[in-house]
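Remarks on the overall topology
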Amino acid sequence: MAATKGQSISVSLASATCALLGGVTPAAVQAQEEPGWDFNTSLLYYGEDADRVQDLSISVLATRTFMDDRALTMGLTVDALTGATPNGGQYQAVPQTFTSPSGNAVFTVPAGTLALDDSFRDTRVAVSANWTQPFSRLYTFDAGLSASKEYDYMHLGANAKISRDFNQRNTTVSAGFAYAADSLNPVGGTPTPLTPMADVGDLSNRIGDQDKDVVDFVVGVTQVISRNLVVQANYSFSDSSGYLNDPYKIVSLVDGITGDVVPRTPAPGLQGPSHEYVFESRPDQRTKHSLYGQAKYYMNGKVLDASYRYMTDDWDIDSHTVDLRFRWPVGERSYFEPHLRYYTQTEANFYQVGLVDSVPLPMYASSDYRLGNFDAITAGLKYGWTTRNDNDMSVRLELYQQRGSIPADRLIGSQVGLFEYPDLDAVILQFSYRFGR
Amino acid sequence: MKIFVLVASLLVTAGCSSMGVEPWDRDVLAKDEMQLTTDALEAATDDHIYFSKEASSGGRGFGGGGCGCN
């Protein structure tokens, strides 16, 4: 009995010592960021061909690291957007006139060309703040707020994430939640879905401001496989509800035999659309599920970053995204990084080239090219270097290309010869400068 | 919280526990270029561009958004 007691005391003493050492040792060996500021800045030009959307954007991400790996990150982005965007109207062999979104002017597109609305001009300001707080040795808690404002749109969001390390920090499991409350106040008012585009000055089908709520959940595991390989897998769920339309997008009403857009005459003395168009209508709810996997592999100084994402939603859109980056050092202080991304999506079940005017309209319809069936490729090259003051600079140039299609049996009459998917070619040029570390 | 820890523990015991490296073998994994997100600003830029032009978003993190993107 005495021996047992003696043993148990020595065991207790030993474990107490271990616990003390255990409590101290990890903090001593654990890599800690030096407290201080880190600024990540960038200047971006995004330009689409054929005078479509052009964006000049400036961003700053400032991180203040404190003792014990606590950190405050604040972000600011300002976008200046101009250019034309497809409004959804289908190709016609004759010129087409549309009423602009504001409802107080018209614009005409030439025969046989893509219906582009060039009245688009906007400035977007986005801010964010995020706090990172490690606790109980193995946990990290992150919480953040975000807001952005455009002329016709406002976003407010909050998010939180908790992570826990396992297996000597070789495994990290995390779970996050985000909520966004967005509101839209489109130029000229929100059009009632499926109502006709009206003459100039007629705003009778416009309703007030609209709301959209988005709830996101993400759970993920990050796993160190070996000294050179780390992988991550995430599942995310996203639910959007409220007004999910693009208030500026329309659908053409077409003749069921000829496929031509039905002509229309504006009221006497008024300017207005030359053909029949209705405002698009999307469901007021959308649920998305995504699976994401990423691997980073180090090979003698070179780093391969490969990721894949599968997404499916209840609008019948399925997509696959493969992203590959390869960082290739050149000397001690610079590197090249080629980037290749492939994306493919199936169309939403309410995507339409046009709606036949002789049958009752469906509940949902959109001709937004972003809801159609298309593939996209991004190919780019980045060059990065460390300056004499040990700051990081990089410049990247990328080309983004979308090519879409619609099955021939979905086209009627003149659509067969005239339909063209609003394919997209864009340039991404970004200059980044990171300093303060 | 309890459910989270339980699910996390199950996931971990399911097969991850035999993988990984010792703390003193983390030299490579600690490098900037081996972080899952190397450049947060570039990642945010890309997420925003593709959110605006495609029908998918998120995956790596939250779904993004916050714009009436045209």
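Keep in mind it's a predicted model, so treat the numbers as computed, not measured.

**Here we look at the overall build of chain B**
- When you go through chain B residue by residue, the secondary structure sums to two helices and zero strands.
- Across the 70 residues of chain B, 47% fall into the buried class.

**A word on the overall build of chain A**
- Helices and strands together make up the secondary structure of chain A, namely two helices and 23 strands.
- Projecting the C-alpha coordinates of chain A onto the three principal axes gives extents of approximately 105 × 55 × 40 Å.
- Taking all 437 residues of chain A together, 34% fall into the buried category.
- Counted over contacts in chain A with a minimum sequence separation of 6, partners at least 24 positions apart contribute 62%.

**Remarks on the nonpolar core**
All names here are of chain A.
- Among the nonpolar cores identified, the biggest contains 17 residues, and Met-197, Ile-250, Val-251, Leu-253, Tyr-277, Val-278 and Leu-355 are the most heavily contacted of them.
- Listed by contribution, the elements that provide at least two residues to this core are β14 (250–254) and β15 (277–279).
- Among the elements that make up this core, the one with the highest residue count is β14 (four residues).
- If we skip the residues at most four places from it in the chain, Val-251 touches Gly-88, Tyr-277, Val-278, Glu-280, Gln-352, Gly-354, Leu-355, Ala-365, Ser-366 and Ser-367.
- The next biggest cluster of nonpolar side chains, apart from the first, holds ten residues, and it includes Leu-44, Tyr-46, Ala-376 and Leu-424.

**Here we look at the environment of Gly-36 of chain A**
All names here are of chain A.
- As for its position among the elements, Gly-36 is in strand β1 (residues 36–48).
- Each C-alpha atom, one on Gly-36 and one on Met-67, is 9.3 Å from the other, the two residues being 31 residues apart in sequence.
- Ignoring anything within four residues of it in the chain, the contact list for Gly-36 reads Thr-65 and Gly-436.

**Digging into the confidence of the model for chain A**
- Summary statistics for chain A give a mean pLDDT of 92 and a share of 92% for residues scoring 70 or more.
- Predicted confidence is poor over residues 1–30 of chain A, with pLDDT under 50, and the contacts of this stretch with residues over four places away or in other chains come to two contacts.

**Here we look at the interface of chain A and chain B**
- The interface is formed by 73 residues belonging to chain A together with 38 residues belonging to chain B.
- The element that contributes the greatest number of residues to the side of chain A that touches chain B is strand β12 (residues 210–226) of chain A, accounting for nine residues.
- Classifying every residue of the side of chain A that touches chain B by side-chain character gives 33 nonpolar, 29 polar and eleven charged.

**A closer look at the domain arrangement of chain A**
- According to the domain assignment, chain A consists of domain 1 (1–30) and domain 2 (37–435).
- Computed from C-alpha coordinates alone, the two centres of domain 1 of chain A and domain 2 of chain A are separated by 56 Å.

**Re unusual backbone geometry**
All names here are of chain A.
- Residues other than glycine seldom take positive phi values, yet Ser-136 does so here, at roughly 45°.
- Looking at the secondary structure, you find Ser-136 in the loop between β6 (116–135) and β7 (139–150).
- For Ser-136, a count of 8 C-beta atoms within 10 Å translates into the label exposed.
- One non-glycine residue, Asn-300, lies in the positive phi region at around 50°.
- As for its placement among the helices and strands, Asn-300 is situated in the loop between β16 (285–299) and β17 (302–313).

**Some points on the sheet that holds β15 of chain A**
All names here are of chain A.
- Read across the sheet, three strands follow the order β15-β14-β20 without closing on themselves; strand pairing throughout is mixed. Edge positions in the open sheet fall to β15 and β20 (354–356), since each of these has one partner strand only. Ignoring which end each strand starts from, the neighbouring axes of this sheet average 35° apart.
- In this structure, β14 lies alongside β20, joined through three bridges in parallel fashion. Opposite Ser-252, over in β20, you have Gly-354 as the bridge partner.

**Quick look at the pairing of strand β8 (residues 153–166) of chain A**
All names here are of chain A.
- As paired elements, β7 and β8 share twelve bridges and run antiparallel to each other. The residue of β8 that forms the bridge with Gly-144 is Asn-159.
- Hairpin connection of β7 to β8: two residues between the antiparallel strands.
- Pairing between β8 and strand β9 (residues 171–184): 14 bridges, direction antiparallel. In the sheet register, Arg-164 faces β9, and the bridge partner there is Val-173.
- Between β8 and β9, which pair antiparallel one after the other, the connecting turn spans four residues, and Asn-167 there sits at a positive phi close to 50°.

**What about the environment of Asp-357 of chain A?**
Residue and element names in this part refer to chain A.
- Among the secondary structure elements, Asp-357 is positioned in the loop between β20 and β21 (373–386).
- Taking the number of C-beta atoms within 10 Å as the measure of exposure, Asp-357 has 15 and is therefore partly exposed.
- For the pair Asp-357 and Glu-276, spaced 81 residues apart in sequence, the C-alpha to C-alpha distance is 8.9 Å.
- In this view, Asp-357 contacts Leu-253, Val-254, Asp-255, Val-262 and Glu-276; residues no more than four positions away in its chain are not counted.

**Section: the confidence of the model for chain B**
- Across chain B, the average pLDDT comes to 81, with 70% of residues at 70 or higher.
- The complex model carries a pTM of 0.89, and its ipTM stands at 0.90.

**Considering the pairing of strand β13 (residues 229–242) of chain A**
All names here are of chain A.
- As paired strands, β12 and β13 are joined by 14 bridges and run antiparallel to one another. Within the sheet, the bridge partner assigned to Val-214 lies in β13 and is Ser-240.
- Between β12 and β13, which follow one another and run antiparallel, lie two residues.
- Judged from the 13 bridges that link them, β13 and β16 form a sheet pairing that is antiparallel. The residue bridging Asn-234 from the neighbouring strand is Tyr-292, located in β16.

Rules behind the numbers
- Residues numbered from 1 in each chain as written.
- Chains lettered and ligands numbered in written order.
- Predicted model: local features only at pLDDT ≥ 70, side-chain atom pairs only at ≥ 80, totals over all residues.
- Helix = DSSP H or I, 4+ residues; strand = E, 2+ residues; numbered from the N terminus.
- Buried ≥ 20, exposed ≤ 12 C-beta atoms within 10 Å, placed from the backbone.
- Contact = placed C-beta atoms within 7 Å.
- Core = buried A, V, L, I, M, F, W, Y, C linked by C-beta atoms within 7 Å.
- pLDDT = per-residue confidence, 0-100.
- Nonpolar A, V, L, I, M, F, W, Y, C, P; charged D, E, K, R; others polar.
- Domains from an automatic or database assignment.
- Pairing = 2+ DSSP bridges.
- Axes fitted to C-alpha atoms, helices over the stretch in contact; angles between N-to-C directions.

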